[in-house]
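# Observations on the model geometry
Chain by chain, the residues run as shown.
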Number of protein chains: 2
Amino acid sequence: MTLDAVLSRIDDTLPEATDRLMDLLRIASISTDPAYNGDCAQAAAWLVQELKSLGFSASARPTPGHPMVVGRHAGEGRHILFYGHYDVQPVDPIELWERDPFDPVIQQGPKGPLIRARGASDDKGQLMTFLEACRAWKDVHGELPGNLTIFFEGEEESGSPSLIPFLQENREELSADLALICDTGLFSDHIPAIVTMLRGLAKVEFTIRAASKDLHSGMFGGVAINPIRVLTRILGGLHDDQGRVQVPGFYDDVAELPDAVAAQWQALGFDHASFLGGVDLTTPAGEVDRTPLEQIWSRPTAEINGIWGGYTGAGFKTVLPSQASAKVSFRLVSGQDPDKILPAFKAWIEAQLPPDCELIWSEPEGSPASTMSITDPAFDAARAALSDEWERPAAFVGCGGSIPIAGYFKEYLGMDAMLIGFGRDDDQIHSPNEKYDLESFHKGIRSWARILDRLSQQ
Amino acid sequence: MTLDAVLSRIDDTLPEATDRLMDLLRIASISTDPAYNGDCAQAAAWLVQELKSLGFSASARPTPGHPMVVGRHAGEGRHILFYGHYDVQPVDPIELWERDPFDPVIQQGPKGPLIRARGASDDKGQLMTFLEACRAWKDVHGELPGNLTIFFEGEEESGSPSLIPFLQENREELSADLALICDTGLFSDHIPAIVTMLRGLAKVEFTIRAASKDLHSGMFGGVAINPIRVLTRILGGLHDDQGRVQVPGFYDDVAELPDAVAAQWQALGFDHASFLGGVDLTTPAGEVDRTPLEQIWSRPTAEINGIWGGYTGAGFKTVLPSQASAKVSFRLVSGQDPDKILPAFKAWIEAQLPPDCELIWSEPEGSPASTMSITDPAFDAARAALSDEWERPAAFVGCGGSIPIAGYFKEYLGMDAMLIGFGRDDDQIHSPNEKYDLESFHKGIRSWARILDRLSQQ
């Protein structure tokens, strides 16, 4: 039976597949920092070659930002589009990395071998699981599976500025019957998951400016307003002591979790103690009247992702800075509109500004949450395929992260998406020493082979 | 009459005196940053040569930090010690400087010619006023005035770590009858001042640490505590809405201003609108029930001088940082003990830490406020000399800045100090584009000549 042959082929060629992933991981494709534009272009070119070597017709499409990679195999059956992103997060604080983030290595971890590098899990290792499944399939069947379009983005970690125009301009080419998105994780070490709820994201950077220049606290201390004092006073009131966000209207459009979903989540027996324990924390810090799973999957948040002002170098400087800044983001849930949340946040800040303080508001940006329609039989097919591979029933789960692409596919291409991934909670994505378990990579490839096999029978 | 001859000599040689100051300003003696250790040593050596050229026996004395410069002229009369510091503040934000901070230039300012450079006013320009007065005096009299010790420090802008041990080890040599300190300013453009009240300073840097590493807000957002949220909540409560510092016991030992002093200050007619207007501010930000002069001279403050945490680079990173930090300083007044204030601040923070948060407390440091005894006849002599030069009665004033040296001279050498300086409020010390008016330099030299003349007659 050919599925078994494909799975054996995957097992036999794992070393070569791993080497190909290592090549991609050596490219420092940090999309948010213009200093790495060349690396992003290089990663896109590498993927085009990879797709061509598999028999796809492929090209890197220029955008005002980083290129999009599109590959096409016109075969039989439902048109499936596979999405991943080749860009990665910045690496700071670099001093906390145990080695060069772009010099990947296979190390022995507590749970088995792992691949250590920035992007190993988010998202290069994950997107390669699908390409390697296609490669094994082709080796056995002599041709690629079904009717496939491959779509790799290079701006997922920097707000996807070029994505929507690209989807609009290439609507016809990219509109498939179903999208597969590989940028999520397992529910736990051994329980595979299909994400059906995704939080949205609204973010903004702002600066509070007061005096026309930095001042000496000896001369002005006490009489001149200090923007850091204003910034901390305002952001210090962003949450109340119950963990609730204080921006007026923030919860107005938040839908309560359906009882059925709540029950299924309860059944997952989420162990928040070990989840938090993994990063040396013990106590859920969200809304006190919500379960930890609700706090990360179905409740909105407000987070200060960065703050800076005054003298931050070695030694001490008794300065009253002229300005102070912060980067703040909100995780949104179904019902919340980023175009209502961000203006409400801005108005809330402005209402608290003392005399002589000016608000400078830059690059507000948002994407709504999305909830998948799971009536498509592909969801049951994928669930069964994952259960076969992992020998545990796959779960329909929520995801605290924002993968706006799913919402955009629905909004601009009218296409549903199925989010399946093999990352683990301890992969340290967006953090120093990111890794991807070799098991995630190996069983991820096998999982896609099984899913493609089930879908080909529909 | 020889004073007139000395004053004429000062007028005639001003260009050469200015050139000597420019040479000193070209040395980037930033004491707080170890990268400039060599420059600090170079500034000390330059001053030793200058003192020797004037006929002082002089040397640079090594310390664990930057060298101390000591010059001695054993002459007649009361032993006077003159103090200044040759180190300067850092220059960041460098992008706000209109030119190289260490390439001094004479520019035409709105009120006349000025010298633009880091340290022009704080404190190189000021300490040179005294040396140039000595030079003119010697040119006319053939010898240096009276019985003089010169003492230049190189760590004033970085907490003077070596100062107290040095004073203790050289107690006999440095104990004079009176100290002259030139590190302060005029009361206003044309009213000279002698500072009789100085605020103290207590400062500390601290970090709040939570998770063992940076986290992804998609995975942990809502359930994991964010140290920036904790830091802003705590520092946001450092002042109440009346501008009062909330650290328990902060005001316990604060003495009220004597009515006589309050009345004299009232008579100075301080124009806070133009003082604040000079930096584009309008509204005093201190305790609402205190006058602006009290806010900067006789009331204690708490200031956040620096804050940093999370991602602060280009673009956006949805990170929950593992830690966040701040530099906080308190301006202290007579009665307050830094060794009580800093522990009270620490305890106040610890009492507000949520679960999973750890406080890392580094380099707490403080010096008390000091009030001069003005019964010494030298105060009246100096006041008269200044009034002669500026043709306005000199004022006894307070100073918001901390010049711990005055307190140390009293505590370790049993020596009173007279603080006289010629800086102006718009000198932008500790800020970009620092300057010193040529008039401050010129009339400052003339003022010291008059003071030395009066003191020589006592």
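Before any of the text, the structure's been laid out above.
Given the structure is predicted, the values throughout are model-derived calculations rather than measurements.

Glancing now at the environment of arginine 20 of chain A. All names here are of chain A. Summarising the element assignment, arginine 20 is placed in helix α2 (residues 14–25). In the structure, arginine 20 is positioned 387 residues away from glycine 407 in sequence and 31 Å away in space, judged by C-alpha atoms. Contacts of arginine 20, omitting those with residues within four sequence positions, involve Trp46, Glu50, Met128, Glu132 and Arg135.

Let us look at the sheet that holds strand β5 (residues 112–116) of chain A. Residues and elements named next belong to chain A. A sheet is described by the order of its strands in space; here 3 strands give the open sequence β4-β5-β18, paired in antiparallel fashion. In the strand order of this sheet, the two ends are held by β4 (105–109) and β18 (435–437), each with one partner. Geometrically, the sheet is characterised by an average inter-axis angle of 35° between neighbouring strands, direction not taken into account. Judged from the 5 bridges that link them, β4 and β5 form a sheet pairing that is antiparallel.

This brings us to the interface of chain A and chain B. Counting residues at the interface gives 86 residues for chain A and 87 residues for chain B. Buried surface at the junction of chain A and chain B, summed over both partners, amounts to about 7,800 Å²; 56% is from carbon and sulfur atoms. Counting the surface chain A buries against chain B, the share from its top three residues, Val223, Arg229 and Phe316 of chain A, is 10%. One can count 0 salt bridges joining chain A with chain B. Summed over the shared surface of chain A and chain B, the result is 41 residue pairs in polar contact (both at pLDDT 80 or more). Sort the elements by how many residues they give to the side of chain A that touches chain B and strand β11 (residues 301–310) of chain A lands first, with 9 residues. Here the residues of the side of chain A that touches chain B sort into 35 nonpolar, 33 polar and 18 charged.

A separate point is the side chain of threonine 184 of chain A. Checked against the element boundaries, threonine 184 of chain A lands in the loop between β7 (178–181) and β8 (193–198). If sequence neighbours within four positions are ignored, threonine 184 of chain A has contacts with Gln126, Val195, Ile403, Leu419, Ile420, Gly421, Phe422 and Gly423 of chain A.

On to the pattern of salt bridges. Scanning the model with the defined rule gives 66 salt bridges over all chains in all. We note a salt bridge from aspartate 253 of chain A to lysine 340 of chain A, for which the minimum N-O separation is 2.8 Å. With aspartate 253 of chain A in the loop between α8 (227–235) and α9 (259–267) and lysine 340 of chain A in helix α12 (residues 338–350), this pair connects stretches of sequence that are 87 residues apart. The exposure class assigned to lysine 340 of chain A is partly exposed, which follows from its relative accessible area of 48%. Among the ionic pairs, glutamate 132 of chain B bridges to arginine 135 of chain B, the shortest N-O distance being 3.7 Å. Of this pair, glutamate 132 of chain B and arginine 135 of chain B both sit in helix α4 (residues 124–141), 3 residues apart, roughly one helical turn. Neither residue differs from the other here; glutamate 132 of chain B and arginine 135 of chain B are each classed as buried. Among the charged side chains, a network of salt bridges with common partners joins Lys111, Asp189, Arg424, Asp426, Asp427, Lys435, Asp437 and Glu439 of chain A.

Conventions we followed
- Residues numbered from 1 in each chain as written.
- Chains lettered and ligands numbered in written order.
- Predicted model: local features only at pLDDT ≥ 70, side-chain atom pairs only at ≥ 80, totals over all residues.
- Heavy atoms only, no water.
- Helix = DSSP H or I, 4+ residues; strand = E, 2+ residues; numbered from the N terminus.
- Contact = heavy atoms within 4.5 Å.
- Pairing = 2+ DSSP bridges.
- Axes fitted to C-alpha atoms, helices over the stretch in contact; angles between N-to-C directions.
- Buried area = accessible area lost by both parts, 1.4 Å probe.
- Salt bridge = Lys/Arg side-chain N within 4 Å of Asp/Glu carboxyl O.
- Polar contact = N/O pair within 3.5 Å; in protein donor to acceptor, adjacent residues only side chain to side chain.
- Nonpolar A, V, L, I, M, F, W, Y, C, P; charged D, E, K, R; others polar.
- Buried < 20%, exposed > 50% of the residue type's maximum accessible area, 1.4 Å probe, protein only.

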